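So you can see what is in the structure, the chains are spelled out below.
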Amino acid sequence: NSDDNVDVVVVGAGVTGLTAAVRLHEAGRKVVVLEARDRVGGRLWTETVDGVRLEVGGQWVSPDQTALLGMLDELGLDTYARHREGESIYIGRDGVRRTFLGEAFPVSDATSAEMERLTKELDRLAAEMDPLSPWEHPDAERLDRMSFAAWLAEQTEDEEARDNIGLYIGPAMLTKPTHAFSALSAVLMAASAGGFSHLVDADFILDRRVVGGLQQVPLRLFERIPDLVRLSTPVSRIDWSDDGATVHAGGESWQARHVVMAVPPTLVNRVQFSPALPPVHAQMRQHQSFGLVIKLHITYATPFWRAQGLSGTAFSPYAVVHEAYDNSNEDLPSETRGTLVGFVSDEKADALLGLSASARRDKVLASLAGYYGTEALSPVAYYESPWMADEWTAGAYATSFDIGSLTRYGKHLRQDVGPVSFASSDIAGLGFQHVDGAIRMGSSMSERLLSS
Ligand code: FAD
């Protein structure tokens, strides 16, 4: 059947795969996209749960994400600002809840000075790094062999400064404990977002949302090539040689000159390759793993915190919910309810996942009450995003290397194996672990295949 004979099989209909597929199709190449799930979008999923429209996966857009902003423009999608008027909340090491305006946490002058110094130092290191090749950083070897926690301990004796700076990259970004990833990976996270200062500034990094939800991006890409995307088609085996590949999914197979594995590195390992991938490829992907964060959506009859002069933004490295924001759907004129989004990361998430559903809910609501008062204990809807238990993601937000592996394996990240190429936001430079990086990876992959 000639339909099964294509130029490129794209495995995965997330933003990376769909971007590559649409570009290749527009350039006249014959493409098929094989997607395991019964929907497109991968880690982007806008869904109505118990009558509330939620961003189950990714949602925010920041000004440095120019590839994503360009794509929103191309797809005719509008954005709106996250609600941020009012005071933010911080709970410090002393357990005291304080409100504040602006981006600087209300900590002692000494801690504040240390946080400023560390921010400058991380900005300096990030400015020296090309996020596409962090292993070429002048101090790469040393920084990759020490944990971020150890680097922070080397920099300052101020525990609260360490905990806060650690928070921005550990729980809030890589979603791993700061002792579990290298200082070089931390600098990569900063460099990929245009600098550490951007990560500290919630009004920058969590600037805007997309009208109708961020899954509109993959949905609109899909609308351009609906007949070329096969849902519920998990790829299980790829037979390859230098001349091309046969891709097997279910009882079917496709012949292709090229295959793009547009899946997270951890899921590359689930596919059987024949012959097997070269040792360095098999090894490399055993050193990349998903972080763990539980994204929580808590809806109230009204956004009650606004009446108290609060923005809804809350942070504490010492609370179960380490960060929370007003996530009410400002793009829905009829919406009068208020939704908070909160996050529980890494070891705190482990502990939470060990509890029953009702004990988890109690613990989360108690943590929110610590920020917003007892009104937070009575939501009208409560939902936990299920990524960590989903076999086609199995974690959140994305994957990163263990200590020492960025310098050991990094240069192989985007290397082809015969006709097989690899792309996903997890191996992006700019936009690493973000939708922006997925678009960059998908675009550069299509450009490379078109010029080959
Ligand atoms: P994916 O979206 O993971 O797509 C891979 C696709 O491949 C999936 O659809 C999967 O089903 C499919 N697949 C896997 N294996 C196979 C197989 N064997 N056969 C066929 N198909 C297969 N980013 C932001 O920019 N802003 C945010 O606010 C943000 N928040 C986030 C919040 C959460 C809770 C999560 C989980 C992520 C968030 N992210 C955010 C990250 C962002 O969603 C991802 O970086 C991006 O969507 C990844 O796109 P991708 O196409 O590279 O990978």
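Small disclaimer: the values here were computed from a predicted structure and weren't measured. (Residues numbered from 1 in each chain as written. Predicted model: local features only at pLDDT ≥ 70, side-chain atom pairs only at ≥ 80, totals over all residues. Heavy atoms only, no water.)

J.: How do you make sense of unusual backbone geometry when you look at a structure like this?
T.: Glycine aside, the phi torsion of most residues is negative, and most peptide linkages are trans. The omega torsion across S274 and P275 is -5 degrees, close enough to zero to call that bond cis. Mapped onto the elements of the fold, P275 is located in the loop between β13 (272-274) and α12 (279-284). Following A396, the chain continues into Y397 via a peptide bond in cis, with omega recorded as 0 degrees. Among the secondary structure elements, Y397 is positioned in the loop between β19 (381-384) and β20 (399-401). Despite not being glycine, T175 has its phi angle at roughly 55 degrees, a positive value. Here T175 is to be found in the loop between α6 (159-174) and α7 (183-192). Of note in this structure, D346 is not a glycine but carries a positive phi near 35 degrees. Mapped onto the elements, D346 comes out in helix α14 (residues 346-353). Assessed through its relative accessible area of 12%, D346 is described here as buried. (Helix = DSSP H or I, 4+ residues; strand = E, 2+ residues; numbered from the N terminus. Buried < 20%, exposed > 50% of the residue type's maximum accessible area, 1.4 Å probe, protein only.)

J.: For this particular structure, what's the right way to read the site of the ligand?
T.: Around the ligand, the surrounding shell holds 37 residues, and the nearest of these are T16, E35, R43, W60 and S425. T16 places a polar side-chain atom, nitrogen or oxygen, 2.7 Å from an oxygen atom of the ligand. W60 is positioned with one of its backbone polar atoms (N or O) 2.9 Å from an oxygen atom of the ligand. In isolation the ligand offers 1,000 Å² of accessible surface; the protein chains occlude 98% of this area. (Near = heavy atom within 4 Å. Polar contact = N/O pair within 3.5 Å; in protein donor to acceptor, adjacent residues only side chain to side chain. Areas by Shrake-Rupley, 256 points an atom, 1.4 Å probe, with all protein chains shown as cover.)

J.: Mind showing me how you'd approach the pattern of salt bridges here?
T.: Under the counting rule described, the total for this entry stands at 27 salt bridges. Residues D203 and R84 are paired through a salt bridge, measuring 4.0 Å at the closest nitrogen-oxygen approach. Here the residue D203 occupies a position in helix α9 (residues 202-205), and R84 occupies one in the loop between β5 (79-81) and β6 (87-91), the gap between them amounting to 119 residues. Relative accessible area serves as the criterion here: at 22%, R84 is assigned to the partly exposed category. One connected set of salt bridges, linked through shared partners, spans R23, E26, E74 and R224. (Salt bridge = Lys/Arg side-chain N within 4 Å of Asp/Glu carboxyl O.)

J.: How should the sheet that holds strand β18 (residues 338-345) be read in this particular structure?
T.: Paired through backbone hydrogen bonds, the strands of a sheet run either parallel or antiparallel to each other. Reading across the sheet, the seven strands line up as β7-β6-β16-β17-β18-β15-β19 and stay open at both edges, with mixed pairing between neighbours. Each edge of the sheet is formed by a strand with only one pairing partner; in this case those strands are β7 (97-100) and β19. Put simply, the sheet's adjacent strands are angled 20 degrees from each other on average, direction ignored. Bridge analysis of strand β16 (residues 310-315) against strand β17 (residues 323-326) gives two bridges, and the strand direction is antiparallel. Each residue of the ladder has a partner; that of F315, found in β17, is E323. (Pairing = 2+ DSSP bridges. Axes fitted to C-alpha atoms, helices over the stretch in contact; angles between N-to-C directions.)

J.: I'm lost on helix α17 (residues 435-451) in this one. Help?
T.: For α17, built from 17 residues, the straight-helix expectation of 24 Å at 1.5 Å per residue is met to within 8% by its first-to-last C-alpha distance of 24 Å. When we look at burial in α17, the residues that qualify are V435, D436, G437, A438, I439, M441, G442, S443, M445, S446 and L449. Turning to α17, the residues buried within the fold contact β1 (5-11), α1 (15-26), α2 (66-74), β12 (252-261) and β21 (420-422). (Expected span 1.5 Å × (residues − 1). Contact = heavy atoms within 4.5 Å.)

J.: How should I be thinking about the environment of P106 in this particular structure?
T.: Assignment of secondary structure puts P106 in the loop between β7 and α3 (109-127). Among the residues examined, P106 registers a relative accessible area of 19% and is labelled buried. Each residue touching P106, except ones within four places of it in the same chain, is listed here: Y90, R98, T99 and F100.

J.: Explain the nonpolar core to me, please; I cannot follow it from the model alone.
T.: Within soluble globular proteins, side chains that are nonpolar generally end up buried alongside one another. Counting residues in each nonpolar core, the largest one holds 118 residues, and the members touching the most others are F148, W151, V217 and M261. Non-local contacts of F148, meaning those with residues more than four positions away in its chain, are made with L122, I165, G166, I169, T178, F181, S182, A183 and A186. Listed in part, the 26 residues of the second largest apolar core include A324, V344, L368 and Y372. (Core = buried A, V, L, I, M, F, W, Y, C linked by side-chain atoms within 4.5 Å.)

J.: In this structure, what is going on with the environment of G213? I would like to understand it.
T.: Along the polypeptide, G213 turns up in the loop between β8 (208-210) and α10 (216-224). Given a relative accessible area of 0%, G213 falls into the buried group. Along the backbone, G213 and T46 are 167 residues apart, and their C-alpha atoms lie at a distance of 5.8 Å. Not counting residues up to four positions away in its chain, the partners in contact with G213 are T46, R53 and E55.

J.: Please clarify how the environment of D139 should be interpreted in this entry.
T.: With respect to the element layout, D139 can be found in the loop between α3 and α4 (140-145). Judged by relative accessible area, D139 falls into the partly exposed class, the value being 27%. For the pair D139 and M129, spaced 10 residues apart in the sequence, the C-alpha separation amounts to 9.8 Å.

J.: What should I look at first to understand the side chain of S316 in this one?
T.: As for its placement among the helices and strands, S316 is situated in the loop between β16 and β17. Residue class for S316 comes out buried when judged on its relative accessible area of 0%. There is a polar contact of 3.0 Å between the side chain of S316 and the backbone nitrogen of Y318. Ignoring sequence-local partners within four residues, the contact set of S316 consists of I91, V321, H322 and Y371.

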